[in-house]
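# Per-entry structural report
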Amino acid sequence: PALLRSCPPGARAPPPRAMGLLAKLLLVLGLCAGGRALGTPRGCPAACICTSDVLSCSRRALLQVPRTLPRTATTLDLSHNGLTQLRDGWLAALPHLEALHMGHNQLEELSARAFHNGSRLRHLDMSSNRLRAVRAHYFAALVSLEELLLYDNRIARVDEGAFAGLSGLRKVYLSWNNLTHFPFRSVHGLGNYSLRTLDLSSNNLSSIPVEELAALPENVRNGLYLHNNPVTCSCALYLLLRRWKQQGFRSVRDFSEEHTCKVSDHVPRSLIRFLKYSQMFENCSGGLEDAPRARPFPALVSQTLLITCNASLPAAAPTYMWITPHHEPVKQPGNSNRSLEVYSNGSLKITAAKPWHSGVYVCLAISSPQNFSRMCEVNVTVHYPKPDGETFSTGLTTLLGCIVSLLLVLVYLFLTPCRCLRCCKKAAPRSPPQECSAQSSILSATPPATEAPNRKAGAHKHVVFLEPLRETHNGKIRLALGEDFPDAKHPKVLQLKSDSESISSVFSDTPIVA
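Reading the values: rules and limits
Within each chain, residues carry numbers counting from 1 in the order of the written sequence. Reporting of local features is limited, given that this is a predicted model, to residues whose pLDDT is at least 70; pairs of side-chain atoms are given and counted only at 80 or more, and all residues count toward the totals for whole chains, interfaces and linings. Values shown for side chains rest on all heavy atoms present in the structure; no hydrogens or waters enter the calculation. UniProt positions are given in the numbering used here, feature names are shortened, and annotations may be inferred rather than shown by experiment. Secondary structure elements are taken from DSSP: a helix is a run of H or I of four residues or more, a strand is a run of E of two residues or more, and numbering for both begins at the N terminus. By definition, residues are in contact when any of their heavy atoms lie within 4.5 Å. The Shrake-Rupley method, run with a 1.4 Å probe sphere, supplies the accessible areas, and residue values consider only the shown protein chains as cover. One bridge is not enough; two strands pair if DSSP finds at least two bridges between them. For the purposes of this analysis, a disulfide is any pair of cysteine sulfur atoms at a distance within 2.5 Å. Exposure categories follow from relative accessible area, calculated using a 1.4 Å probe and restricted to protein chains: below 20% of the type maximum is buried, above 50% is exposed, and the middle band is partly exposed. Every axis corresponds to a line fitted to the C-alpha atoms, with the helix fit spanning only the stretch in contact, and the corresponding angles, defined between N-to-C directions, vary from 0 to 180 degrees. By nonpolar core is meant a set of buried Ala, Val, Leu, Ile, Met, Phe, Trp, Tyr and Cys residues that side-chain atoms within 4.5 Å join together. What counts as a ring pair is set by centres within 6.5 Å for rings of Phe, Tyr and Trp (its six-membered ring), and what kind of pair is set by the plane angle: stacked under 30 degrees, edge-to-face over 60, tilted for all other angles. The salt bridge definition used is simple: a Lys or Arg side-chain nitrogen within 4 Å of an Asp or Glu carboxyl oxygen. A score between 0 and 100, pLDDT records how confident the predictor is in each residue. For a helix, the expected span equals 1.5 Å multiplied by the residue count minus one.

Within an unreviewed UniProt entry, the label attached to the protein reads AMGO3 protein, and the organism entered is Nothoprocta pentlandii. The protein has a UniProt comment under Subcellular location (unreviewed entry) that states "Membrane". Under Sequence similarities (unreviewed entry), UniProt gives the following word-for-word description of the protein: "Belongs to the immunoglobulin superfamily. AMIGO family."

## A few points about the overall build of the protein
What the protein contains, in helices and strands, is 10 helices and 24 strands. In the protein, the share of contacts with a sequence separation of at least 24, taken over all contacts with a separation of at least 6, comes to 55%. Carbon and sulfur atoms provide 56% of the accessible area of the protein, an area that totals close to 31,700 Å².

## Details of the sheet that holds strand β4 (residues 99–101)
An order of β1-β2-β3-β4-β5-β7-β9-β10-β11 is seen for the nine strands of this open sheet, with the pairing classed as mixed. In the strand order of this sheet, the two ends are held by β1 (49–50) and β11 (224–225), each with one partner. In terms of strand pairing, strand β10 (residues 197–199) meets β11 through two bridges, oriented parallel. Opposite L198, over in β11, you have L224 as the bridge partner.

## Some remarks on the UniProt feature "transmembrane region" (unreviewed entry) in the protein
The UniProt entry lists residues 395–415 under the feature "transmembrane region" (unreviewed entry), expressed in the numbering used here. Taken as a whole, residues 395–415 contains 95% helix and 0% strand, while its terminal C-alpha atoms sit 30 Å from one another.

## Focus on the state of the cysteines
A full pass over the atoms with the stated rule returns three disulfides. Paired through a disulfide, C44 and C50 show a sulfur-sulfur distance of 1.8 Å. Between C44 and C50, the S-S dihedral sits near 95°, and the bridge is therefore right-handed. Here C48 pairs with C57 through a disulfide, and the sulfurs are 1.9 Å apart. The sign of the 110° torsion about the S-S bond sets the C48-C57 disulfide as right-handed. The class for C48 is buried, based on a relative accessible area of 9%.

## Structural notes on the pairing of strand β17 (residues 319–323)
The element β17 is largely enclosed, with a buried count of four among its five residues. One ladder, built from three bridges, connects β17 with strand β18 (residues 329–331); its direction is antiparallel. For W322, the partnering residue across the bridge sits in β18 and is V330. Where β17 hands over to β18, the hairpin turn is made up of five residues, of which H327 adopts a positive phi near 60°.

## Observations concerning unusual backbone geometry
Here the residue pair Q332 and P333 is connected by a cis peptide bond, since its omega of 10° sits within 30 degrees of zero. For P333, the position within the fold is in the loop between β18 and β19 (340–342). Despite not being glycine, H80 has its phi angle at roughly 55°, a positive value. Its location among the elements puts H80 in the loop between β3 (75–77) and β4. Its relative accessible area of 30% is what places H80 among the partly exposed residues.

## What about the sheet that holds strand β16 (residues 305–307)?
Adjacent strands of a sheet pair through backbone hydrogen bonds, lying either parallel or antiparallel. Reading across the sheet, the three strands line up as β16-β20-β19 and stay open at both edges, with antiparallel pairing between neighbours. Where the open sheet ends on each side, the last strands, each with one partner, are β16 and β19. The sheet shows a mean angle of 20° between the axes of neighbouring strands, direction not considered. Of the pairings in the sheet, the one linking β19 to strand β20 (residues 348–350) comprises three bridges and is antiparallel in character. Bridge pairing in β20 links V342 to L348.

## Here's the deal with the nonpolar core
A general trend in soluble globular proteins is that nonpolar side chains are found buried together. Of all hydrophobic cores here, the largest spans 73 residues; its most connected members are W90, F115 and F139. At the level of secondary structure, the elements contributing two or more residues to this core comprise α4 (210–214) and α6 (235–246). Other than its neighbours up to four places away in sequence, F139 contacts L110, F115, L124, M126, V134, L148, L150 and L166. With 20 residues, the next largest nonpolar core counts L340, A353, Y361 and V380 among its residues.

## Side note on the packing of aromatic side chains
Across all of its chains, the model carries seven aromatic pairs by this definition. Look at Y138 and F139: their rings are 6.1 Å apart centre to centre, the planes differ by 80°, and that puts the pair in the edge-to-face class. The exposure classification of Y138 matches that of F139, with both residues buried. Taken together, a centroid distance of 5.7 Å and an interplanar angle of 85° make the contact between Y225 and F255 edge-to-face.

## A closer look at the pattern of salt bridges
The final tally for this structure, using the stated rule, is seven salt bridges. Note that R122 is salt-bridged to E146, the shortest N-O span being 3.7 Å. Residue R122 is found in the loop between β4 and β5 (123–125), and its partner E146 is found in the loop between β6 (133–134) and β7 (147–149); the two are separated by 24 residues along the sequence. Of the charged contacts in the structure, one is a salt bridge between K276 and E257, with a shortest N-O distance of 3.7 Å.

## Some details on the confidence of the model for the protein
Per-residue confidence for the protein gives a mean pLDDT of 75, with 65% of residues at or over 70. Within the model, the stretch residues 286–292 combines pLDDT values under 50 with 11 contacts to residues more than four positions away or in other chains. Here residues 479–483 is a poorly scored stretch, pLDDT under 50, and it has eight contacts once near neighbours within four places are set aside; other chains count.

## Considering α6
In this model α6 runs 16 Å from its N-terminal to its C-terminal C-alpha over 12 residues, within 8% of the 16 Å that 1.5 Å per residue would give. Taken together, the buried positions of α6 are occupied by L237, Y238, L239, L240, L241, R243 and W244. Of the surrounding elements, those touching the buried residues of α6 are α4, α5 (218–222), β11, β12 (231–232) and α7 (250–253). Once α6 ends, the next one or two residues include G248, with phi positive near 85°.

Encoded structure:
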């Protein structure tokens, strides 16, 4: 119909029979072209879904890998099929492949050239298959491999050099298999220390070489998962994993309750969670827990450091390698910018130390490509020098300030000036009589006998106020008596008069003759 609508006006439409013949012709041309629909990339299998760089053949009941594949694919999904084998060199048709998903198939063996031409492959998923072993030649051609998923297989053996040459390998998942032994020395043979995850959980590991685990680099120990294995209980293993837990390694911290050990080899079900219920290990002491830790090495900024590798040498003359706090391996003669240098005797030289050089340095002796042994650990701390003028610490200064403040308070409370009234009177300055004013208060501890009955019972103090002195008579001060003492011969009044006379004698102009 679209073709008919595109005809010019007045043109005759072809008869229906001619239209049928045209449709058949187009169908034949399509079949001759390989059955590819319009818009489908060249080389895309009929049973798969192709995009620009993804080829999905999942759940297509495939028994073998399709022979025609698009060269532009970087991701290939062959999971959930019935593949039993891989033909040699089949990856040559996928030169840009980076991720290959082959989980949930029936692969049991891999030929020596099964992954030939897969040098750019970085992610390989072969989980949930029927592999029985990991041979040394299986993944030797995958030099760029970073992630390898082999969980949920039937693997009972891993060859010593299974991961040799895989320098970029970061994650290996081998959980839920039938492993009874694992060659931990093969981890040393990776050539560098990029490995971050090695999952060996949920296997049948009955014994774990504690010495080999202790010699692994810190980044490997942090990602080494060993839970859900029927290992035999031992003090050495308990002390090792307890120390890893104290150091905060996620492999033990995240699965603390899942770490089990078997009390008796003759009783398969005698498994205990030894990190959670550690009563039976209370008498464990010594061993790796008391092993010498990283020795401290303080230093100042811009100082040149020379760190020796103090340990007994193996029989064969080894070469040395240092692991920096940033997980960088440094061999002789040193790193690329020569800020770190390694000498033939194993000593490490740090030129012009900086604060970012601080951390734990690990010295390893290499006697063969697959045989590493840890020699020592050094904890380097680089700090700036303290200024010379700083003589007192802040704490001492604060203490002295508190003591001085306390003394001042005591002086104020107990050493107030002029506590003697007579001394104060004698020290009073002279002033003209006309400018003086007197006010006095007489305190009596006992009430007088003539006290009125309407007074309050609690008021035992009586105060006599003297009016201000307004005039003098013959140079003497005349007192104005209050109403409380109307009698001029009262004893209190007589005492006041004597005091006033003494005061007037002091303030009078008449000289005093002794």
